[in-house]
Amino acid sequence: MATLKDLSRHLGLSVTQVSRALNGHSDVNEQTRARVQEAAKILKYQPNISARRLVTGRSGTVGLVVPPPVSTDGHAVFVEMISGLSASFAQQNVHFLLHVVNPQEDPVAVHRRLIDSAALDGFVITDPVVNDPRIAFLRKRDVPFVVHGRLGDKNDFAYFDIDNYAVAHLLTAHLTGLGHRRIAFLNGVPGRTYVESRRRGHVAALSEAGIECDPHLHRNGMMNRNFGLTETIRLMQAEQGRPTAIIAGNMLIALGVYDALQALGLRVPADVSVVAHDDHLPGATAESLFPALTTTSAPLKESWGPMACLLVKALDAQPIETLQKMGGISFFNRASTTTL
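A brief report on the enclosed structure follows. Every residue gets a number counted from 1 within its own chain, in the order that chain's sequence is written. In keeping with the model being predicted, local features are shown solely for residues with a pLDDT of at least 70 and side-chain atom pairs are shown and tallied solely at 80 or more, while totals for entire chains, interfaces and linings include all residues. Computation of side-chain values covers all heavy atoms of the structure but excludes hydrogens and water.

## Considering the pairing of strand β5 (residues 158–161)
Burial along β5 is two-sided: the face carrying A158 and F160 and the face carrying Y159 and D161 are both buried. Here the rule is simple: two strands pair whenever DSSP picks up at least two bridges between them. Numbered from the N terminus, helices here are DSSP runs of H or I no shorter than four residues, and strands are runs of E no shorter than two. Pairing of strand β4 (residues 145–148) with β5, which is carried by 3 bridges, proceeds in the parallel orientation. Residue H148 lies in a different strand from β5, and its bridge partner there is F160. Sheet topology places β5 next to strand β11 (residues 324–326); 3 bridges connect them, and they run parallel. Bridge assignment links Y159 to a residue of β11, and that residue is Q324. Here's how the labels work: a residue is buried when its accessible area is under 20% of the maximum for its type, exposed when over 50%, partly exposed in between, all with a 1.4 Å probe on protein chains only.

Listed below in structure tokens is the structure:
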């Protein structure tokens, strides 16, 4: 098994340079970092976690505390997230621990136990909610963490996010530009920060088109196929009048929307225009639907690498301006919308 000294001799670099390159320090240029990481693979270097802990006081492990997925659709997202995070932290030479908890268990209490046991150096936080107690607790304990998302406009912690306000605004504006005025929005679980951002973006785009937001047309629920199916049927059978267009919060919801419209004998887009946000989840592609679905796009898998890198930087107490990253959004106009 190769050691830091073996890598140092092989590369002609000091042990300190090699160590800092492997641990993602910002003072190592990308060319050197790539050379060191490639040599580590060739020589099959494995960090000595016990030695690292004695020197740094760290365990070399970070964690994610989450409840188990509650549906078959949720399992696909869960696997995507865990496999992506695990692989990304491995590339940073950091161990990743998944801690699955009972949904009734207090997540703050779980984080407290893990911190007090000195088992973990930092945490990944997913699905943040408004005034998230996990974030407040980790701040109070001065424990490094990275969030998949943000809390409003002012954030003093590491995060990776996309502009969810822009996602909903773009999709809504596309539909209002085609003449649609009764636009349903199948959004996520209330309280999630990204859900609230999307709601605000949707309402703003409606207002800009001179359309008052109808609360009946805005539905919240689990981001899965069943939610898309059941809510679309309810919308189409409601006494208040059915929508001419539907926005799906993700591709799983969109699959349910297509299922419902087909069951009701309604055509996309002749009877109902449909758009969605696409996270590029396994088994749910916009191009495979008929007709192909118009979407905004921001692959979920592109979150995990940046998040791992950001948490490693947070562990090294890097400046806050280096710990916040926004992913891009693309728009694909396909065949699922039409003018009124």
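## Examining helix α1 (residues 4–11)
Listed as buried for α1 are L7, S8 and L11. Across the axial projection of α1, the buried residues extend over an arc of 100 degrees, all falling on one side. Residues of α1 that are exposed and angled more than 90 degrees away from the buried face: K5 and R9. Residue contacts follow a heavy-atom distance rule, with two residues in contact if any of their heavy atoms lie within 4.5 Å. Of the surrounding elements, those touching the buried residues of α1 are α2 (15–22) and α3 (30–42). Picture the helix axis, draw a direction to every C-beta atom, and the arc is the one those directions span.

## Some points on the side chain of H169
Here H169 lies in helix α8 (residues 164–177). Sequence-distant contacts of H169, that is, excluding residues within four places in its chain, are made with G201, H202, A204, A205 and E208.

## Some words on the packing of aromatic side chains
Ring pairs shown here join Phe, Tyr and Trp side chains whose ring centres sit within 6.5 Å, with only the six-membered ring taken for Trp; geometry is labelled stacked below 30 degrees between planes, edge-to-face above 60, and tilted in between. Going through the model one piece at a time under the given rule, you end up with 3 aromatic pairs. For the ring pair F89 and F96, a centre distance of 5.6 Å and an interplane angle of 10 degrees mean the geometry is stacked. Summarising the burial analysis for this pair, F89 and F96 share the class buried. Their ring planes at 75 degrees and their centres at 6.3 Å tell us that F157 and Y159 sit as a pair that is edge-to-face. Looking at Y159, the relative accessible area reads 10%, which means it is buried. Members of the aromatic cluster, each reached through a chain of ring pairs, are F145, F157 and Y159.

On their own, these measurements won't tell you what the molecule is for.
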